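Residues per chain, in single letters:
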Amino acid sequence: MVKIRLLRRMERIEDVMEKETVSDTQETEGNTNQNNTNNTNVISEVSKNGICSEVKENGHISSDDSLSPEVEIVENGEVDVAASGAAAAANSPPSIVTCHSITNNGPVTNQSTSPNSFSPNSKPPRGSSPQNCSNHNSAANQQHVVHVHISQGETFSVRVGEQIQRIQGPATVRMVSNNGPPLPMPMQVAPGHMVQQIVDEHGILTHVFLSAQPTSMPVGGPSMTGGPNNTPPHAQYYQGYGPPYPAHHYPHHHPTTHHGASPHVHTGAPTHPHGTPTPPSCNNPSGPVHTGPSQPNSMEGRANKQRERARRKFEERRNQGYYPPQPRPRINGKQKETHAKPVPYEYQQYQGNGMNGDSLPPGDTGQTELAEERKVIQQVLSGTPDPVVSEIEARSALIQLALPEWDPNEFDIDPADFRFTLLLSDKGKEGKYKLVYSGDATEITLKDLKPAIDYHLRVYTSLEDIKGNTTEPVKFTTSACEPDPPSPPKLNNKNKTSITLKWNSTCENGAKISTYTLEMDKGNGEYVEVYNGLQRQTRINKLQVSTKYTFRLAAINSIGKSEYSEPASFYTSGSVPSQPDPPMLSEPFTTSLIISWIKHPNEDLFQLQMDDESTGHGFIVVYNGPDLSYKVKNLLRNTEYKFRLAALNDEGQSKWSEVVAYRTKPDRPAPPPKPQIKGKIHAYNFRVVWEPPKDNGGAEITKYIVEIDDGRGSGGYETLYEGSEREHVCDRLTPGQMYMVRVACCNVAGRSEFSEPCGATTQAVVPGQCQVPKLQGKPKATSLHLRWANPEYDGGATVSEFAVQMVTPDNACREVYKGRDLDCIVAGLSPGRPYLFQVRAFNRVGGGGWSDPFEVVSGAGVPDPPKAPHVACKSAYSALVSWEPPVNNGATITDYRLEWQQKTEVTDFAMLYTGPNQSYEIKGLTPATLYLFRVQAINSAGQGPYSPVASCVTPPSSPSSVTIHRHTATATSITLFWKEPNSNGNDITAYNLEVGDKQFTIGAVTEYTIETLQPETPHKIRIQAVNSIGVGPFSAPVRVTTRPLPPNPSKLECIAPAPNSLKLKWGDQRGLDTNHYTLEMEKEDGNFQVIYEGSSHFFKVNKLQETTNYNFRIYASNDVGSGPYSEIYTFSTTKAPPPAVRAPRVSNLSQQTCSIEWQPCKAIQGSSLEYILQLQGEQEYQKIYRGEDTCFQVENLSPKSDYHLRVCAIRICEDGSEVVGAFSPVVSFTTQGHEPVSPQEADVKQESKLVESKPLTDQQWAMIILMGFVVFAVLVAIIAQQIIKYRSSSIPR
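Computed from a predicted structure; not experimentally measured. (Residues numbered from 1 in each chain as written. Predicted model: local features only at pLDDT ≥ 70, side-chain atom pairs only at ≥ 80, totals over all residues. Heavy atoms only, no water.)

K.L.:
Where do I start with the overall build of the protein chain in this structure?
P.N.:
When helices and strands are tallied, the protein chain shows five helices and 83 strands. Of all 1293 residues assigned to the protein chain, the portion counted as buried reaches 43%. Within the protein chain, contacts between residues at least 6 apart in sequence are counted, and of these 66% link residues at least 24 apart. Here the protein chain displays about 69400 Å² of accessible surface, and carbon together with sulfur accounts for 49% of that area. (Helix = DSSP H or I, 4+ residues; strand = E, 2+ residues; numbered from the N terminus. Buried < 20%, exposed > 50% of the residue type's maximum accessible area, 1.4 Å probe, protein only. Contact = heavy atoms within 4.5 Å. Areas by Shrake-Rupley, 256 points an atom, 1.4 Å probe, with all protein chains shown as cover.)

K.L.:
Help me understand the packing of aromatic side chains in this model?
P.N.:
In this description, an aromatic ring pair is defined by two values, namely the gap between the centres and the angle between the planes. Taken as a whole and judged by the stated rule, the model has 31 aromatic pairs. Within the aromatic cluster, the residues linked to one another by ring pairs are Trp597, Phe606, Tyr623 and Tyr630. The side chain of Arg458 reaches across the aromatic face of Tyr433, ending 5.5 Å from its centre. Above the face of the Tyr527 ring, Arg552 is positioned so that its terminal group lies 4.0 Å from the ring centre. (Phe/Tyr/Trp six-rings, centres within 6.5 Å; stacked < 30°, edge-to-face > 60°. Lys NZ or Arg CZ within 6 Å of the ring centre and 35° of its normal.)

K.L.:
Explanation requested: the pairing of strand 40 (residues 703-709) in the structure shown.
P.N.:
Two faces, one strand: in a regular strand the side chains alternate between the faces of the sheet. Most of strand 40 sits out of view: six of its seven residues are buried. As paired strands, strand 40 and strand 43 (residues 738-747) are joined by seven bridges and run antiparallel to one another. Along strand 43, the bridge assignment pairs Ile705 with Ala744. Across five bridges, the pairing between strand 40 and strand 41 (residues 718-723) is antiparallel. Paired with Ile708 across the two strands is Glu718, which belongs to strand 41. (Pairing = 2+ DSSP bridges.)

K.L.:
Looking at this structure, how should I read the sheet that holds strand 34 (residues 629-632)?
P.N.:
Working definition: the strands of a sheet are paired by backbone hydrogen bonds and lie parallel or antiparallel to each other. What the three strands build is an open sheet, ordered 30-31-34; its pairing is antiparallel. Of all strands in the sheet, those with a lone pairing partner are strand 30 (584-588) and strand 34, marking the two edges. Averaged over neighbouring strand pairs, the angle between their axes works out to 25° when direction is ignored. Note: strand 30 against strand 31 (residues 593-596), four bridges, orientation antiparallel. The residue of strand 31 that forms the bridge with Glu587 is Ile594. (Axes fitted to C-alpha atoms, helices over the stretch in contact; angles between N-to-C directions.)

K.L.:
Just checking my understanding: could you explain the environment of Thr1230 for this structure?
P.N.:
When you line up the elements, Thr1230 lands in strand 82 (residues 1227-1230). Sequence separation between Thr1230 and Pro1199 is 31 residues, and the spatial gap between their C-alpha atoms is 8.0 Å. Here Thr1230 is in contact with Leu1149, Lys1200, Ser1201 and Asp1202, once residues within four sequence places are set aside.

K.L.:
Mind showing me how you'd approach the side chain of Gln838 here?
P.N.:
Its location among the elements puts Gln838 in strand 51 (residues 834-842). Once you skip the residues sitting within four places of it in the chain, Gln838 turns out to touch Ala803, Val804, Gln805, Trp850, Ser851, Asp852 and Pro853.

K.L.:
Just checking my understanding: could you explain the sheet that holds strand 75 (residues 1145-1147) for this structure?
P.N.:
Judged by pairing direction, the sheet is antiparallel, and its three strands sit side by side in the order 75-76-79 without closing on themselves. Single-partner strands in this sheet number two, and they are strand 75 and strand 79 (1191-1194). Strand after strand, the sheet turns through a mean of 25° between neighbouring axes, direction not considered. Bridging between strand 75 and strand 76 (residues 1154-1157) involves three bridges; their strand directions are antiparallel. Each residue of the ladder has a partner; that of Val1146, found in strand 76, is Ile1156.

K.L.:
Sorry, what's going on with the pattern of salt bridges here?
P.N.:
For side chains bearing opposite charge, pairing can occur when the charged atoms are close. All chains considered together, the criterion is met by 24 salt bridges. One salt-bridge network, in which partners are shared between bridges, spans Arg637, Asp667 and Asp695. (Salt bridge = Lys/Arg side-chain N within 4 Å of Asp/Glu carboxyl O.)

K.L.:
What is the right way to read the nonpolar core from this model?
P.N.:
For soluble globular proteins, the rule of thumb is that nonpolar side chains tend to be buried together. By size, the foremost hydrophobic cluster in this structure holds 20 residues, and its most contacted members are Val1146, Cys1154, Ile1156, Trp1158, Tyr1171 and Phe1229. Elements with a minimum of two residues in this core: strand 76, strand 77 (1168-1176), strand 80 (1202-1212) and strand 82. Judged by nonpolar contacts, the second largest core, of 18 residues, contains Ile964, Ala969, Ile988 and Leu993. (Core = buried A, V, L, I, M, F, W, Y, C linked by side-chain atoms within 4.5 Å.)

K.L.:
Where do I start with a negative patch on the surface in this structure?
P.N.:
A contiguous patch of negative charge, built from Asp412, Asp414, Asp417 and Glu464, is present on the exposed surface. Looking at where Glu464 falls in the secondary structure, it is placed in the loop between strand 20 (454-463) and strand 21 (466-467). Judged by relative accessible area, Glu464 falls into the partly exposed class, the value being 46%. (Patch = residues over 30% accessible without salt bridge, like charges linked within 9 Å, V, L, I, M, F, W, Y side chains within 5 Å. Lys, Arg positive; Asp, Glu negative; His and termini not counted. Charge placed at Lys NZ, Arg CZ, Asp CG, Glu CD.)

K.L.:
Just checking my understanding: could you explain a nonpolar patch on the surface for this structure?
P.N.:
There is a patch of nonpolar side chains on the surface, built from Met1263, Leu1266, Met1267, Val1270, Val1274 and Ile1278 and spanning about 530 Å² of accessible area. Here Met1267 shows up in helix 5 (residues 1258-1290). By relative accessible area, which is 46% here, Met1267 ends up partly exposed.

K.L.:
Just to check I follow, could you spell out a positive patch on the surface for this structure?
P.N.:
On the surface, Lys427, Lys432, Lys434 and Lys450 cluster together into a patch of positive charge. Structurally, Lys427 can be placed in the loop between strand 17 (418-425) and strand 18 (434-439).

K.L.:
What am I meant to see in unusual backbone geometry here?
P.N.:
Phi is positive for Ala452, close to 55°, though the residue is something other than glycine. In this model, Lys1200 sits at a positive phi of 50°, which is unusual for a non-glycine residue. You can see Lys1200 is positioned in the loop between strand 79 and strand 80.

K.L.:
Can you walk me through the environment of Glu753 in this structure?
P.N.:
Position of Glu753 among the secondary structure elements: in the loop between strand 44 (750-751) and strand 45 (758-761). With a relative accessible area of 47%, Glu753 lands in the partly exposed category. For Glu753 and Pro672, which are 81 residues apart along the polypeptide, the C-alpha to C-alpha distance reads 8.3 Å. Setting aside residues no more than four positions away along its own chain, Glu753 makes contact with Arg668, Pro671, Pro672, Val743 and Ala744. A polar contact of 3.4 Å, which involves the side chain of Glu753, links it to the side chain of Arg668. (Polar contact = N/O pair within 3.5 Å; in protein donor to acceptor, adjacent residues only side chain to side chain.)

K.L.:
Got a minute to help me understand the side chain of Thr517 in this structure?
P.N.:
Looking at the secondary structure, you find Thr517 in strand 25 (residues 513-521). Owing to a relative accessible area of 2%, Thr517 belongs among the buried residues under this scheme. In this structure Thr517 touches Glu529, Tyr531, Asn532, Arg552, Leu553, Ala554, Ile556 and Lys561, once residues within four positions along its chain are discounted.

K.L.:
Help me out: how do you make sense of the confidence of the model for the protein chain in this one?
P.N.:
A low pLDDT score tells you not to read the predicted coordinates there in detail. Looking at the protein chain as a whole, its pLDDT mean stands at 75, while 71% of the residues score no less than 70. The low-confidence segment residues 212-299 (pLDDT under 50) makes 250 contacts with residues lying over four places distant or belonging to another chain. Across residues 324-364, where pLDDT falls below 50, the model places 95 contacts with residues more than four positions away in sequence or in other chains. (pLDDT = per-residue confidence, 0-100.)

K.L.:
What is the right way to read the state of the cysteines from this model?
P.N.:
Here, the word disulfide means a covalent bond between the sulfur atoms of two cysteines. For the coordinates displayed, the defined rule picks out zero disulfides. Take Cys507: it sits in no disulfide, and the sulfur closest to it among the cysteines is that of Cys481, at 8.0 Å. (Disulfide = S-S within 2.5 Å.)

K.L.:
Could you clarify how one ought to interpret the environment of Thr954 in this entry?
P.N.:
Within the secondary structure, Thr954 is located in the loop between strand 60 (950-953) and strand 61 (963-969). Sequence spacing of Thr954 and Ala879 is 75 residues, and the spatial spacing of their C-alpha atoms is 8.3 Å. Once residues lying within four places of it in the same chain are set aside, the contact partners of Thr954 are Cys873, Ala876, Leu925, Thr926, Pro927, Ala928, Thr929 and Tyr931. At 2.6 Å, the side chain of Thr954 and the backbone oxygen of Thr926 are in polar contact.

Below, the structure written as structure tokens:
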């Protein structure tokens, strides 16, 4: 849409900017009237910056820039619409409403239709008179003002967005534009009214609205006067109209009809240079004189061309049927004035003064073309084909959309700009539609639909803000599917051997439910169907007493079976629980106890009672519920409580368990009071005492802990004392130090918090001895600078000052400094004399001891600079530098400092030699290089100035040594890389390469590959550079070994076959093996697949099938590469043994017989199972039964005898072979005696125990041995520590 508007705007801009010349010759009255008539039709929607307006269906004009005008009402009733091209509509035009358009920031004077239009004190409009506003060709960024003047009692409407604000006259609507000078703008008037638009030579646009008048008007009526130059215009009197001026029905303005007002123009309003247009019935026989520039005629010519193009286009579209004829309403042969709903802009009729006129197209404005474009695009969008629905399933469907057809020569539209909106209804064709998709996709999959539902789908296409009509509804029906999962079954009734369940019906999803299936799980994880039918209630019989059963439900229709419901578990009724075990103590706390107990079968709830002897209330209930533990809170510390337990189920409550007693733990004691200082505080110790805590936590205090902090921040508090005493002497303290002491106490429950700390400061002493003072800088001839440091120990008080003592060569002592500084300058010394200096520190207690003496000799002057040194080159790599000694200035020269400079671009010299010699031989120089030298003499006074600089250039030489920085090797070749050495003033021509005993010459290259070598062979290589002067030294030898060939494959063995796995082994594990192995297994399609890669020699292949052959192959690889594949090895898995049988159950036990039952095992596919039952009495186990049954009646037993039973399963394979499984756990029982037994004691207590104990694994043995070594090492360390401690304590100090 934006591209279309830009193309249209470019065409309009070319027309507006076209230069036209109009002659100033006066025209006849007919031409004048015709021009004035045409001038009323001049409607331009294009300004010089290319902005156009858009005509909407509601008949209003909105700016193409989507502007939001801001309306401001000033004191005099003026309304400012501050927007560039703001849209305004006049619903109620006055008798004459004048609209002024000014092309810069200068407004015009307010005009009104009556003398009392504005109050006398109303301030004039902003700006100056119209004479200051004549520049209508100002820059585009200036403001351009349009004033619409409203007379008394009239109404003016301003449309801003979707809101319409009405302004009552008298007022002036001021419209400000920043986009360029205004042109004649579209105005719409009510039936029977006219509009005159005039643009004078100053760029002022005047709109004159004329209402219907009677046939005659008295002379002397209101006249039109004024103009931009205040020249008197030709007065015109209106006595009725002939052919009326056509009122343009633009959709922007909706004026309200106003009759009976006298036609007039605001006093002082500017008029067109042609004068006011004169109707045919006016008294003015001739037209006004044409004065002013030709600019209005040029604008009229361009408007005429635009109008002609619009008329032709309108006729073409009307002939094609785009615009149907619009009949005009009539009443008694006269036109009816109505305010009906606005008709489309293109075929609105011209109306005026009750006379009929032909339907003519409006002027070719940007609004007209834009409205036509929008209507054409809307028709294109409305032609979108109906959506195609395919791939319809129960809960989804595929929607396929097609783009509308348009003419690419007329509209430049990107297909990606179309947006489709899908509306879906499941309430019928006329039901409510919901938005399900909006986007640019042409294939949409609708999901989450309901099965077997009739849906209606509608689509409309939009392009930016233009929306097409909605398509006709397309009906489609989703297919039926299986029912929804039903809700879990509910318990209706139960007893000891049966449970009655019921359930609700579920959603059928389009197909009637044929049956419900109910499955039950007895606790072994396998569901068995117990009901199948249409009834929603059933009873399950033959159940066991006090047993949990789990049920699930599914619904079935003609489509299929639904998913199962959530499992629901229920218990059958049973007997009263037996007496439970006494409750146990899981964990004691200070104010609580965690009590736990064991749950037995048919126990649902538990009741725990507690007896607090301190209250005397006896046992009271503290817990009721199904949990197996409970935390009893709010107890007293270190107090004993009694507990008993009872179990409950639906049948009743059991007997109370035995009463047990448990005690809470004691609590930590409270912190002791703040410790106190006892006696006098000394410099090195003080005594501290403390009181016991007010609360000992319910237990006796066992010890006290005293901690002290010296406040230095080294480690915080340190433990000073632990014991039962309540006072302690803190000794070995530092004088003058602030110490903080705190105390804590301990009982069996733990340590208390520390008490509030107590502070104490020890007495201070004199400072310690200072260190020997040091010399700051070098001593001068008559003065020196001494520096010293604070003493290591200040005696516990701040050092206040220092004293310095000097001993002269004649052993006289005098104090030379006393103050707080740590340095001083001693003056008045004799040159070259020895002096002794001592220092000591003072604090508030007194002065410390003198330091050790410091001896120093006063200094002398520095020597003069030497002469320039003499340099003689001995060879290309060495030179001899010599110099003469300078004047020493009173002190013997001790050293010479020789410096050199190797590069001329570097200005800094580097030290080469320091010593007493007057010559130095330099070695290791670079041939053909410039060197600079200078020397300096040093004595006890310091360093003298440098000598003048001496230079020399070394001769060229053979190349330097080569450095091999990298090499690579293969099995048959070695590649060397080196850096070109220094040529020493002569270019390198070749290199000598030495490999072992062989030597050959190569060119001037920096890398070379040696071919035809043997694998795994070491080589010693050296390189030598050659130039025209000679050969350079050999490089350091490089030892390179060629790499080996890829390894051969290893033999593959199967060391542990199993039913579902094979453990493979390959290679030799002896020595260091750096090979990498790849194991492959043949798949069903004959290809081999890698199953292992690594350096291990073992691999276990899992997830295999029993008694199946598998093919394997292997190859080895190393850094050199991969070796060949091995031959194909075939290994087979073994048969799987049957699973182990659970422990059998003994029932119906008598003196000589009993019944044995065991749970069956799951048979392996393709084989059957048999069971072997073995019985052990006084002898070994004997087989008493073999068969497929899971129960057996044992007879001929001895009374009062102990027997042991075990069962194992045997797998009978298809080929007749047998695989014996593991035996079940052993079950022991004892037959009854001959004495009578009461029915209550007939229950037999069975005890299951495992006879066969598993041996310890290798890892367990290794862990036991390791723990033994650790314990032994700890014991040895403890014994050694005790011996060392004993010996150290026995040695006298």
